[in-house]
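Report on the structure
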Amino acid sequence: MAVTSLQRTADRRALSDFVRDRRARTMPDEVGLPAGSRRRTPGLRREEVAQLAGVGVTWYTWFEQGRAIQVSADFLERVCRALQLDPAERQHLYALAQHRPPPHAAPGLPTVSPILQALLDSLPNPAYIKTARWDIVAWNAANTAIFGDYALIPPDQRNSLWMIFADPRWRRMIPDWETAARRVLAKFRLDHGRVGGDPAFTALVEALQAASPEFRRWWPGQDVAERSEGIKRIRHDTLGLLEFAHATFTVEGAADLRMVTYTPVPRG
C-alpha cells in the first residue's frame, strides 16, 4: 500500500514527538553522563544523544525535527541504543521513520570466532581486537586487569579513540596525554583516509568534535602515522607506572579486525 504525502507528513510529526519524548525520559545518569545542575529541560540534550549514538548533531537534529531526510537502518539502530529503546519502541521508530518493520536482529559490531577468542584468552599479557574504526570487539582477562572491564562500557563508546579523547579515566591513565593523543590521532587519520568517506567514520569524527575540544582543535591538521608498534606508558591505580611494548596484527580472513598485544617492559 502506497504511503501518501499527507501520511508521510503526519508520520514525520509523530516521529518528532516520539523521539523528543523518549529523549526527555532518558536521564543522563542512565547512560553514564553527569547529571549536572544547570539543565533547563529534563532528560538528555540533543547533542548528548548524537554523541551517544555516534552520529552528527545536525543530522540528528533534523531527524528529531521530523524533516524530510533519508536515514539508514544503521542510523536508526544507533538512536535506538542511545535512547535505550525497548523492542516495541524500536519497532515503532522504524514504522514512523521508514514505514517498515525493523530487521529481525539489530546489526552490531563484528564478532570474533571462538578460536580467536580462545587465542586471546591464552595470552598472559593484555590483548584486544579492534575494527578498522577502532571499535573494540574482544579482549582478554589480562587486558581487563590493566585497563578495566570493557564490558562495562556502552558498546557505542567502546572505541579506542573515543576513550582516549572523551573518557576522563583514560586521560588520567596516560602520562603526557597530549603527546600520546596526538600520536594516536595521526594513526587514526590514516585509517580514516583509507575508507573513502565511510558514514560510520564520519559519525565518529563528528561525535568526537562535539565531545573533545582537543580533538576539535587538532583534527583539521594533516599529521599521519602508520607505525603499529611502540611503547605505551600507563599510570595504574594500584600498580603505579607501567610500560608496555605494543604491536598490532591483522587478522587473516577478517581484514576489518586487528589484534593489539601488550608485552610488559621490565623495570630497570
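A brief report on the enclosed structure follows. Just so it is clear, the structure is predicted and the values come from calculations on it, not from any experiment. (Residues numbered from 1 in each chain as written. Predicted model: local features only at pLDDT ≥ 70, side-chain atom pairs only at ≥ 80, totals over all residues. Heavy atoms only, no water.)

Comments concerning the sheet that holds strand 5 (residues 257-264)
Operational definition: For two strands to be treated as a pair, DSSP must find at least two bridges joining them. Think of it this way: any DSSP run of H or I at least four residues long counts as a helix, any run of E at least two long counts as a strand, and we number them from the N terminus. Lines are fitted to the C-alpha atoms to define the axes, a helix being fitted only along its stretch in contact, and any angle between axes, read from their N-to-C directions, falls within 0 to 180 degrees.
With antiparallel pairing, five strands are arranged side by side in an open sheet as 2-1-5-4-3. Looking at the sheet topology across the chains shown, the edges are occupied by strand 2 (136-139) and strand 3 (229-236). The sheet shows a mean angle of 30 degrees between the axes of neighbouring strands, taken without regard to direction.

Some details on the pattern of salt bridges
As a reminder of what qualifies: A side-chain nitrogen of Lys or Arg and a carboxyl oxygen of Asp or Glu constitute a salt bridge if their distance falls within 4 Å.
Enumeration over the complete set of coordinates arrives at 13 salt bridges. In this structure, the salt-bridge partner of Arg20 is Asp17, at a minimum N-O distance of 2.6 Å. Of this pair, Arg20 and Asp17 both sit in helix 1 (residues 5-25), separated by three residues, roughly a single helical turn. Glu64 is paired through a salt bridge with Arg46; the nearest N and O atoms lie 2.8 Å apart. Taken together, the residues span a long stretch of sequence, with Glu64 in helix 3 (residues 57-64) and Arg46 in helix 2 (residues 46-53) at a distance of 18 residues.

Description of the pairing of strand 3
Note: strand 3 against strand 4 (residues 240-250), eight bridges, orientation antiparallel. Directly across from Lys232, in strand 4, lies its bridge partner Phe244. In textbook terms, the turn of a hairpin is the stretch between consecutive antiparallel strands, and for strand 3 and strand 4 this stretch comprises three residues.

Quick notes on unusual backbone geometry
With the exception of glycine, most residues fall at negative phi, and the peptide bonds are largely trans. This is how it is decided: For each residue, the accessible area found with a 1.4 Å probe, counting protein chains only, is set against the maximum for its type, and the residue is called buried under 20%, exposed over 50%, and partly exposed in between.
A positive phi is found at His99, a non-glycine position, where the angle reads about 55 degrees. Topologically, His99 is positioned in the loop between helix 5 (87-98) and helix 6 (114-122). At Asp176, a residue that is not glycine, the phi angle is positive and equals roughly 50 degrees. Residue placement: Asp176 occurs in the loop between helix 9 (168-173) and helix 10 (177-194). Taking relative accessible area as the criterion, Asp176 reaches 51% and is therefore assigned exposed.

Quick look at the packing of aromatic side chains
Stated formally: Each pair of aromatic rings taken from Phe, Tyr and Trp, with Trp reduced to its six-membered ring, is defined by centres within 6.5 Å and is described as stacked if the planes are under 30 degrees apart, edge-to-face if over 60, and tilted in the remaining cases. Here, a charge over a ring is recorded when the distance from Lys NZ or Arg CZ to the ring centre is within 6 Å and its angle to the ring normal is within 35 degrees.
Enumeration according to the criterion identifies 18 aromatic pairs in this entry. Relative to Phe244, the ring of Phe147 has its centre 6.4 Å away and its plane inclined at 40 degrees; by these criteria the two rings are tilted. Taken as a pair, Phe147 in helix 7 (residues 141-147) and Phe244 in strand 4 lie far apart in primary sequence, 97 residues in all. When sorted by exposure, Phe147 lands in the same class as Phe244, which is buried. Joined through ring pairs, the aromatic side chains of Trp134, Phe165, Trp177, Phe188, Phe201, Phe215, Trp218 and Trp219 make up one cluster. The ring of Trp134 carries the charged tip of Lys130 above its face, separated from the ring centre by 3.8 Å. Sitting above the plane of the Trp177 ring, Arg171 keeps its charged end 3.8 Å from the centroid.

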